[in-house]
Amino acid sequence: MSANTHLFSCLKDNFGVLVHDPATGATAAIDAPEAAPIEAALAATGWRLTDILVTHHHGDHTAGIPELKRRHRCRVTAPRAEAARIPEVDVTVREGDTVAVGSLAARVIETPGHTAGHITYWFDQEKLAFVGDTLFSIGCGRVIEGTPEMMWTSLLKLRKLPDDTQIYCGHEYTDANIRFARTIEPNNSALAARADVVTKQLANGEPTIPTSIGEEKQANPFLRADVAAVAAAVGLAGQPAADVFAEIRKRKNNF
Ligand SMILES: [Zn+2]
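Re the packing of helix α5 (residues 174–184) against helix α6 (residues 189–203)
Contact pair α5 / α6: the axes reach a minimum separation of 10 Å and the direction vectors enclose 155 degrees. Comparing their axes, α6 and α5 come out roughly antiparallel. In the crossing of α5 with α6, the sense of the turn from one axis to the other is left-handed. Counting all contacts with α5, which are made through Thr174, Asp175, Ile178, Ala181 and Arg182, the residues of α6 involved are Leu191, Ala192, Arg194, Ala195, Val198 and Leu202. Its residues assigned to classes, the contact of α5 with α6 shows seven nonpolar, one polar and three charged.

What follows is the structure, encoded as structure tokens:
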């Protein structure tokens, strides 16, 4: 089983991505920030849109749904807890559910914190995870509707995925995230190596994702709140990881 992906930019700094099943021709858009770039991506690939998989209710992830659905009659899958705030939902899902895209299957992982009902779509066979605004490359989403504890628990669920899982997130924030991460772990060599790669990618006009769980575990301070050196770096040696996470998130909010 294999899937094809096609990544592109939407709005100011959102990512759009298509997941395509060559066996059946089914294609899912992960979120729908705006219709036009998704139409352009479909035209470029020749793929037919059958599904939209929504991670959370924010407008910069859902605004394109009505126009896409009108044109393609695609099926819209969304988190049950947020379905009332998302346009034109056909199927609602929660933790443990499976979503089919043709012959591909995504498992639903509830990852609340950024929003209260945020979900991640994990195609375990294809080693792909679409994490919306929960985990970013070297960062994480703002904790808007949940608590820091809730967000930390969600990040731990993602951290448990296999190291070679490719991570697609909702925004191109990697450069600013690295600048912040270096204030927490200035001597992290994995972070320094990642910074070099990202500098080259951005200079070439390339996206900085997908990243992987293995890479993020080494370099993303928000996945490292239970590392003793990270707790010490924010003055919380020996304190609970959720408290360390909350402090790192607070510092990022003010960075
Ligand atoms: Zn959001």
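The rest of the description comes next.
Examining the packing of aromatic side chains
Within the structure shown, the criterion is met by seven aromatic pairs. An angle of 90 degrees between the planes, with centres 5.8 Å apart, marks the rings of Phe123 and Phe130 as edge-to-face. For the pair Phe123 and Phe130, a shared accessibility class is recorded, and that class is buried. Ring centres of Phe180 and Phe255 lie 5.3 Å apart, and the angle between their planes is 70 degrees; this geometry places the pair in the edge-to-face category. Pair noted here: Phe180 is in helix α5 and Phe255 is in the segment after α9 (241–253), with a separation of 75 residues, a long-range link. Taken together, Trp152, Phe180, Phe222, Phe245 and Phe255 form an aromatic cluster joined through their ring pairs.

Points about the pairing of strand β3 (residues 27–30)
Burial of the side chains of β3 extends over both faces: Thr27 and Ala29 are buried on one face and Ala28 and Ile30 on the other. Bridge count for strand β2 (residues 14–20) against β3 is four bridges, and the pairing is antiparallel. Across the sheet, the residue bridging to Val17 is Ile30, located in β3. Here β2 hands over to β3 after six residues, with Gly25 in that stretch at a positive phi of 85 degrees. Relative to strand β4 (residues 51–53), β3 runs parallel, the two sharing three bridges. Bridging from a neighbouring strand, Ile30 pairs with Leu53 of β4. Traced from β3 through helix α1 (residues 35–45) to β4, the parallel crossover comes out right-handed.

Conventions we followed
Residues numbered from 1 in each chain as written. Predicted model: local features only at pLDDT ≥ 70, side-chain atom pairs only at ≥ 80, totals over all residues. Heavy atoms only, no water. Axes fitted to C-alpha atoms, helices over the stretch in contact; angles between N-to-C directions. Helix = DSSP H or I, 4+ residues; strand = E, 2+ residues; numbered from the N terminus. Parallel < 35°, antiparallel > 145°, perpendicular 65-115°, else oblique. Left-handed = near helix turned anticlockwise from the far one by under 90°. Contact = heavy atoms within 4.5 Å. Nonpolar A, V, L, I, M, F, W, Y, C, P; charged D, E, K, R; others polar. Phe/Tyr/Trp six-rings, centres within 6.5 Å; stacked < 30°, edge-to-face > 60°. Buried < 20%, exposed > 50% of the residue type's maximum accessible area, 1.4 Å probe, protein only. Pairing = 2+ DSSP bridges. Right-handed = clockwise from strand over helix to strand, strands pointing away.

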